[in-house]
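# Structural overview
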Amino acid sequence: MPFLAIKHAHVTFVVITIILFNLRYFLRVAKPNRPLPTVLKIVPHINDTLLLITGLWAMSVAKWVPFGNAHWLGVKLVLLVVYIIVGSITMRAVPRSLKSSIGYLAGLACIAAIVYLAYVKPF
Ligand code: HEM
């Protein structure tokens with residue numbers, strides 16, 4: 001498959017990740033006593049798996065090596081782990097709590113830094 005098609009698929013899953021993270025956070029803020037619908041507990045895992053597969057695929061096609069010829073990609077993967085941890089803390093925290101709000105902002109900051117690294121590749 002051509003590199004651009006893989007990258008477009010990857011960026012599509014990135015957009016879905018951002019939408020799902022915000023949707024889950026704001027649904028919990030709006031209705032703190034109601035558990036998230038089951039679909040919103042399953043779909044993010046499927047999307048994250050596809051995000052990972054397309055990322056690894058693009059990585060092998062472009063011959064990027066994290067911390068080898070692509071330090072930006074190495075840092076991006078470290079930030080991805082931070083995002084996963086922060087995201088799960090946010091979704092487990094009591095809705096509207098300080099912990100949940102800080103986790104949400106930290107999650108957004110991780111995604112912003114990851115997108116910046118992917119586009120700018122500063123190192
Ligand atoms: C939350 C997670 C992620 C976000 C927000 C994200 C974001 C992005 C974005 C916006 C691009 C497009 C850059 C461009 O068009 O120039 C991109 C490309 C790419 N991503 Fe990701 N990504 C994520 C996860 C991953 C993972 C897990 C991997 C690898 C295991 C990965 C590897 C790549 C590669 C190799 C490219 C192509 C870079 C290039 O050669 O231009 N990404 N990513």
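Attention here is on the structure that accompanies the text. Nothing here was measured: the structure is a model prediction, and the numbers come from that model. (Residues numbered from 1 in each chain as written. Predicted model: local features only at pLDDT ≥ 70, side-chain atom pairs only at ≥ 80, totals over all residues. Heavy atoms only, no water.)

## Quick word on the site of the ligand
Lining the immediate surroundings of the ligand are 22 residues, of which Lys7, His10, Trp64, Lys76 and Lys121 lie closest. Within the contact set of the ligand, a nitrogen atom lies 2.9 Å away from a side-chain nitrogen or oxygen of His10. At a separation of 3.0 Å, an oxygen atom of the ligand approaches a polar side-chain atom of Lys121. Judged by the fraction of its atoms near the pocket grid, the ligand is located in the largest pocket. Element by element, the count of residues in the shell around the ligand is highest for helix H2 (residues 39-62), at six residues. Within the shell around the ligand, the residues separate by chemical class into 17 nonpolar, two polar and three charged. (Near = heavy atom within 4 Å. Polar contact = N/O pair within 3.5 Å; in protein donor to acceptor, adjacent residues only side chain to side chain. 1 Å grid on protein atoms, 1.4 Å probe; cavity = no way out; pocket = protein on both sides within 12 Å on 5 of 7 lines; lining within 4 Å. Sits in = over half its atoms within 2 Å of the grid points. Helix = DSSP H or I, 4+ residues; strand = E, 2+ residues; numbered from the N terminus. Nonpolar A, V, L, I, M, F, W, Y, C, P; charged D, E, K, R; others polar.)

## Comments concerning the packing of aromatic side chains
According to the stated counting rule, one finds six aromatic pairs in the structure shown. The interplanar angle of 70 degrees and the centroid separation of 5.5 Å between the aromatic rings of Phe21 and Tyr83 together place this pair among those described as edge-to-face. Linking Phe21 in helix H1 (residues 3-30) with Tyr83 in helix H3 (residues 71-92), this pair joins segments that are 62 residues apart in sequence. Each member of the pair, Phe21 as well as Tyr83, carries the same accessibility label: buried. The structure contains a cluster of three or more aromatic residues connected by ring pairs, namely Phe21, Tyr25, Phe26, Tyr83 and Tyr104. Lying across the ring of Trp72, Lys121 places its NZ or CZ 5.1 Å from the centre. (Phe/Tyr/Trp six-rings, centres within 6.5 Å; stacked < 30°, edge-to-face > 60°. Buried < 20%, exposed > 50% of the residue type's maximum accessible area, 1.4 Å probe, protein only. Lys NZ or Arg CZ within 6 Å of the ring centre and 35° of its normal.)

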